[in-house]
Amino acid sequence: MKKNLRLLSIAIICLLIVIIVAGYYYYQTYQNKTLILYGNVDIRTVNLSFRVNGKLQTLNVDEGDKISAGQILASLDNTPYQNSLQRATGILASAKAKLDMLESGYRSQEIAQVEAEVAQRQAAWKYANSFYQRQQGLWTQRVISANDLENAKNNRNQALAALNAAKDKLNQFQTGYRTEEIAAARGEWEQAVAALAQAKLDLADTILTTPSPGTILTRAIEPGTILTAGSTVFTVSLIRPVWVRAYVSEPHLGKAIPGREVLLYTDSRPDQPYHGTIGFVSPTAEFTPKSVQTTDLRTDLVYRIRVIVNDADDMLRQGMPVTLHFAEKKY
């Protein structure tokens with residue numbers, strides 16, 4: 001009986017040894033096939049601000065609020081910008097009217113008035129010229145004085161100059177405005193068009209919207225504040241994308257291939273890993289940052305990688321430590 005118990009004990013001991021050896025072998029095999037890295041969650045933050053100056057009128061969200069893309073977050077008092085828009089609209093209408101007038105040329109009524117003026121000047125010149133010729137005849141007969149002849153000559157010359165001026169004016173009206181005048185008017189109109197577009201843009205910029213979904217981290221100011229362009233109103237943490245920044249040593253660099261899937265473990269969810277995809281591997285080596293806790297020497301050269309989290313949720317926070325598991329591919 002004792003002999004049987006002794007044999008059973010030996011068998012149990014042998015079985016335990018086999019189990020321990022097998023477990024150790026399995027553990028070593030798994031360790032050899034699995035690459036484990038350490039990194040931190042990296043979430044982008046955006047500082048939202050107005051592109052124009054103004055008095056802050058409304059704030060629609062507060063710290064901690066979830067926001068969606070295109071949501072209106074705040075607005076400025078837009079009265080000055082509405083006035084600017086009306087002024088730009090009036091200037092554009094005036095510039096357009098001036099350009100149309102120059103391109104169309106003079107009206108037929110204006111041309112008719114100048115033609116009538118030319119006819120009047122023509123008649124005046126004929127009369128003055130005829131009077132001068134009669135005065136010349138009287139001068140040869142010594143009936144009039146030299147002063148009377150000179151006055152008649154001056155009157156004829158003045159009538160001729162007035163006639164030539166009227167003819168030049170008629171030619172101008174018939175030809176239309178100069179190309180330089182039209183080009184200048186077109187330039188003024190184009191400037192007015194640009195000024196109107198800028199006024200519309202400035203008015204639209206009095207409304208602050210969010211470019212993408214996220215969470216309000218900081219509300220920097222309150223209504224009534226006079227803001228300059230670019231002053232931060234909100235700091236927003238974007239929901240997407242969520243990355244994990246990690247570092248891989250050169251011997252394991254061949255496993256960190258862009259597009260490869262990895263498992264991401266956090267301390268708050270040790271049994272429910274997140275799923276990620278390697279999106280970037282730095283081509284430049286660097287020293288391991290002090291914020292990364294690894295079992296390797298900190299002086300080892302490593303390569304930075306960025307893993308995109310495919311199923312990120314609110315549990316992932318900026319700077320949270322993450323453990324990355326690279327399961328060996330099976331072929």
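A quick note: this is a predicted structure, and the numbers were derived from the prediction, not measured.

Draft legend 1. Inspection of the overall build of the protein at higher detail. Counting secondary structure elements, the protein contains five helices and 12 strands. Per-residue burial for the protein yields a buried fraction of 31% across its 331 residues. Long-range contacts, defined here as pairs at least 24 residues apart, represent 77% of the contacts in the protein between residues at least 6 apart.

Draft legend 2. Structural detail: the pairing of strand β4 (residues 72-76). By the criterion of burial, β4 is predominantly enclosed, with four of the five residues buried. Judged from the three bridges that link them, strand β2 (residues 54-59) and β4 form a sheet pairing that is antiparallel. Its bridge partner being in β4, L56 is matched across the sheet by L76. Here β4 pairs with strand β5 (residues 207-209) via three bridges, running antiparallel.

Draft legend 3. Focus on the pattern of salt bridges. Within the structure shown, the criterion is met by seven salt bridges. Here R245 ties to D42 by a salt bridge, and the two come within 3.3 Å at their closest N and O atoms. Taken together, the residues R245 in strand β8 (residues 232-249) and D42 in strand β1 (residues 35-49) connect sequence positions 203 residues apart. Note on R245: relative accessible area 27%, which makes it partly exposed. A cluster of three or more residues bridged by salt bridges with shared partners is formed by D62, R219 and E222.

Draft legend 4. Spotlight on helix α5 (residues 179-204). The first and last C-alpha atoms of α5 sit 37 Å apart over 26 residues, in line with the 38 Å expected at 1.5 Å per residue. Where α5 is concerned, the buried positions are I182, A185, A192, L196, A199 and D202. The inward-facing, buried residues of α5 abut α2 (79-104).

Draft legend 5. Layout of the pairing of β8. Among the 18 residues of β8, 13 are classified as buried, and the element is accordingly described as predominantly covered. One ladder, built from 10 bridges, connects β1 with β8; its direction is antiparallel. What sits directly across from G39, in β8, is A246. The pairing of strand β6 (residues 214-219) with β8 spans five bridges and is classified as antiparallel. Residue pairing in the sheet places I216 in a bridge with V236 of β8. Here β8 runs beside strand β11 (residues 301-309); their pairing, made up of seven bridges, is antiparallel. Looking at the pairing, W243 lines up with I308 of β11.

Draft legend 6. Molecular detail of the packing of aromatic side chains. Scanning the entire structure with this criterion turns up one aromatic pair. Relative to F131, the ring of Y127 lies with its centre 6.4 Å away and its plane at 20 degrees, an arrangement referred to as stacked. A residue pair is termed a helical-turn pair when its members lie 3 or 4 positions apart in one helix, as Y127 and F131 do in helix α3 (residues 108-140) at four residues. Exposure remark for Y127: the relative accessible area of 57% places this residue in the exposed category. The ring of W189 has K96 sitting right over it, with the charged end atom 5.2 Å from the ring centre. Taking NZ or CZ as reference, R269 lies 3.9 Å from the ring centre of Y274, over its face.

Draft legend 7. Up close: the environment of S75. Residue position: S75 is located in strand β4. In sequence terms S75 and Q57 are 18 residues apart; their C-alpha atoms lie 5.7 Å from each other. Setting aside residues no more than four positions away along its own chain, S75 makes contact with F50, L56, Q57, T58, T206 and I207.

Draft legend 8. Representation of the packing of α2 against α5 in the model. Put simply, α2 and α5 touch, their axes get as near as 8 Å, and they point 160 degrees apart. In terms of orientation, α2 and α5 fall into the roughly antiparallel class. α2 and α5 meet at a crossing whose hand is left-handed. Looking at the contact of α2 with α5 residue by residue, the classes come out as 17 nonpolar, three polar and eight charged.

Calculation criteria
- Residues numbered from 1 in each chain as written.
- Predicted model: local features only at pLDDT ≥ 70, side-chain atom pairs only at ≥ 80, totals over all residues.
- Heavy atoms only, no water.
- Helix = DSSP H or I, 4+ residues; strand = E, 2+ residues; numbered from the N terminus.
- Buried < 20%, exposed > 50% of the residue type's maximum accessible area, 1.4 Å probe, protein only.
- Contact = heavy atoms within 4.5 Å.
- Pairing = 2+ DSSP bridges.
- Salt bridge = Lys/Arg side-chain N within 4 Å of Asp/Glu carboxyl O.
- Expected span 1.5 Å × (residues − 1).
- Phe/Tyr/Trp six-rings, centres within 6.5 Å; stacked < 30°, edge-to-face > 60°.
- Lys NZ or Arg CZ within 6 Å of the ring centre and 35° of its normal.
- Axes fitted to C-alpha atoms, helices over the stretch in contact; angles between N-to-C directions.
- Parallel < 35°, antiparallel > 145°, perpendicular 65-115°, else oblique.
- Left-handed = near helix turned anticlockwise from the far one by under 90°.
- Nonpolar A, V, L, I, M, F, W, Y, C, P; charged D, E, K, R; others polar.

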